[in-house]
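Fold and contact review
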Amino acid sequence: MNKGLLSVDEALEVLLSRAQPVAGIEEIPTLEATGRVLARPQRSTMDVPPMDNSAMDGYAIRLVDLQKGKKLKVAQKIMAGSVGMELSKGTAARIFTGAPIPPGADAVVMQEFCTLDGDEVTVNRIPKPAEWIRYAASDVKKGGEILSAGTRLQPQDSGLAASVGLKTLPVFRKIRLGLFFTGDELVMPGEPLPPGRIYNSNRFTLRGLAETFGCEIRDYGIVPDSLDATREALRRAAAECDVIVTSGGVSVGDADFVKPAVEAEGSLLMWKIAMKPGRPLAFGKVGNADFIGLPGNPVSSFVTFLIFVRPFLLKKQGLSNVQARGIAARADFDWMEPDARREFLRVKWNAQGGLDLYPTQDSAVLTPTAWADGLVDNPAGRAIRRGETVRFLPYSELYR
Ligand code: AMP
Ligand code: MG
């Protein structure tokens, strides 16, 4: 453990212990529920499928009839959406996929195994009992839980809810996230870039991330490096938002006003975290809003957002599982001079199913984060040899 530095896990523990899930629950149309966090478990009020039905186009038959011969009279035709009559002795029902099995039938023969001649069908292959019948409640039983609370609804979850007739779903309200970006050097794309200035790339990265996690965003743009301007931005954001995330100004340089501003408007913990990229992180409260101040360095703010802000936001949103799921993957590279801090290395899948490392892991360059498919979570001081297994955090896992 580095002296004076907090570990990633220690910082996460404090952060998560203070993340209170939003209280508000709203009932919204199931058609608009994908991406939202389900607030209450959902049970089915019906069996799915609601009745025994055919899994094939073919003929519904009584197996006992086929002991005497292969020919049956086609006495009825049952389409999906209609209901047939009881199957009488020695008859078959022409049936289509999804149509209800008529009472008395105990199997369906695929039409490919039948020959039709007038109103008589010859069954060329005897089916097994229950063949091609989808039984009532075989998918979902009435009263059974179909969706658990605290999960982000995927498209197929909304479909499942709809399949049992749920027209609306209770979800947690979206959290309002305020963003601002400190730095006198910052300029927006589209404006000329005077000497010494840089474009405000963090606005694009962090806002994109906040959108990915389903927040309602208030973007206050660039805030100059002054105590008054920073305090003013904080007050405004605190009045309108649940969480405030900022970039820059959290070091202890002459132009770093986030610390004194948050202290003046609320309360603050300043952390130096044993991670690379990353290091300074500010965490506090302004009014009722939670505050997280990320470093200005574009790679650091991107990585610290994923490692700290992400689980914090997910917990506030009411998600029960906020851990990023790491995957064991093979390193197709050597990393022989590991840092004494836990590192998040920019890597990419290769065609052999292993991971390649971007040639430079310099925290000041953004290119590798765009090139990468994710981050290797490398413990402090661990050298990696080609072929070894590492913990990979793909963006696809971090972005959910
Ligand atoms: P700071 O944390 O304010 O000391 O900033 C650290 C480094 O990140 C400096 O080189 C800043 O110019 C740069 N930086 C700060 N904010 C941004 C931003 N919004 N977009 C791009 N780079 C930034
Ligand atoms: Mg700055």
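Below is a short write-up of the structure. All values reported here derive from a predicted model rather than from experimental measurement. (Residues numbered from 1 in each chain as written. Chains lettered and ligands numbered in written order. Predicted model: local features only at pLDDT ≥ 70, side-chain atom pairs only at ≥ 80, totals over all residues. Heavy atoms only, no water.)

**Some remarks on the layout of surface pockets**
In this structure, the largest pocket spans a volume of roughly 390 Å³. Forming the walls of the largest pocket are 17 residues, and the residues nearest its centre are T151, R152, L319, N321 and R400. Grouping the constituent residues of the lining of the largest pocket by class yields five nonpolar, six polar and six charged. Contributing to the lining of the second largest pocket are 21 residues, with E185, G248, P295, G296 and N297 lying nearest its centre. Breaking the lining of the second largest pocket down by element, the ones donating at least two residues are β15 (198–199) and α3 (201–212). Of the residues assigned to the lining of the second largest pocket, the class counts are seven nonpolar, eleven polar and three charged. (1 Å grid on protein atoms, 1.4 Å probe; cavity = no way out; pocket = protein on both sides within 12 Å on 5 of 7 lines; lining within 4 Å. Points joined across faces, edges and corners; volume = space filled by probe spheres on them. Nonpolar A, V, L, I, M, F, W, Y, C, P; charged D, E, K, R; others polar. Helix = DSSP H or I, 4+ residues; strand = E, 2+ residues; numbered from the N terminus.)

**Some words on the site of ligand 1**
The environment of ligand 1 is formed by 15 residues, the closest being E185, N200, G249, G296 and N297. Separating an oxygen atom of ligand 1 from a backbone N or O atom of G249 is a distance of 2.9 Å. Within the complex, 74% of the 490 Å² of free accessible area of ligand 1 lies under protein. Judged by its atoms lying within 2 Å of the grid points, ligand 1 is housed in the second largest pocket. Contributions of two or more residues to the shell around ligand 1 are made by β15 and α3. Grouping the constituent residues of the shell around ligand 1 by class yields four nonpolar, ten polar and one charged. (Near = heavy atom within 4 Å. Polar contact = N/O pair within 3.5 Å; in protein donor to acceptor, adjacent residues only side chain to side chain. Areas by Shrake-Rupley, 256 points an atom, 1.4 Å probe, with all protein chains shown as cover. Sits in = over half its atoms within 2 Å of the grid points.)

**Quick word on the nonpolar core**
Formed by 48 residues in total, the largest nonpolar core has its most connected members in V245, I292, F305 and F308. Counting only elements with at least two residues in this core, the list comes to α1 (8–17), β13 (176–182), α3, β17 (243–247), β20 (280–286), β21 (289–294), α6 (298–316) and α8 (395–398). Here the element with the most residues in this core is α6; it accounts for eleven residues. Apart from residues lying up to four places away in sequence, F308 is in contact with V8, A11, L12, L15, I273, M275 and L281. (Core = buried A, V, L, I, M, F, W, Y, C linked by side-chain atoms within 4.5 Å. Buried < 20%, exposed > 50% of the residue type's maximum accessible area, 1.4 Å probe, protein only. Contact = heavy atoms within 4.5 Å.)

**What about the packing of aromatic side chains?**
The full count for this structure, using the stated rule, is seven aromatic pairs. Both rings, one in F283 and one in F312, keep their centres 5.8 Å apart while their planes meet at 80 degrees; by these two values the pair is edge-to-face. Of this pair, F283 sits in strand β20 while F312 sits in helix α6, and the two are 29 residues apart along the sequence. Look at F312 and you get buried, because its relative accessible area is 0%. The ring of F113 has R125 lying over it, and the distance from NZ or CZ to the ring centre is 4.1 Å. (Phe/Tyr/Trp six-rings, centres within 6.5 Å; stacked < 30°, edge-to-face > 60°. Lys NZ or Arg CZ within 6 Å of the ring centre and 35° of its normal.)

**Regarding the side chain of N202**
Positionally, N202 belongs in helix α3. Apart from residues lying up to four places away in sequence, N202 is in contact with F181, R207, S247, G296, P298 and S301.

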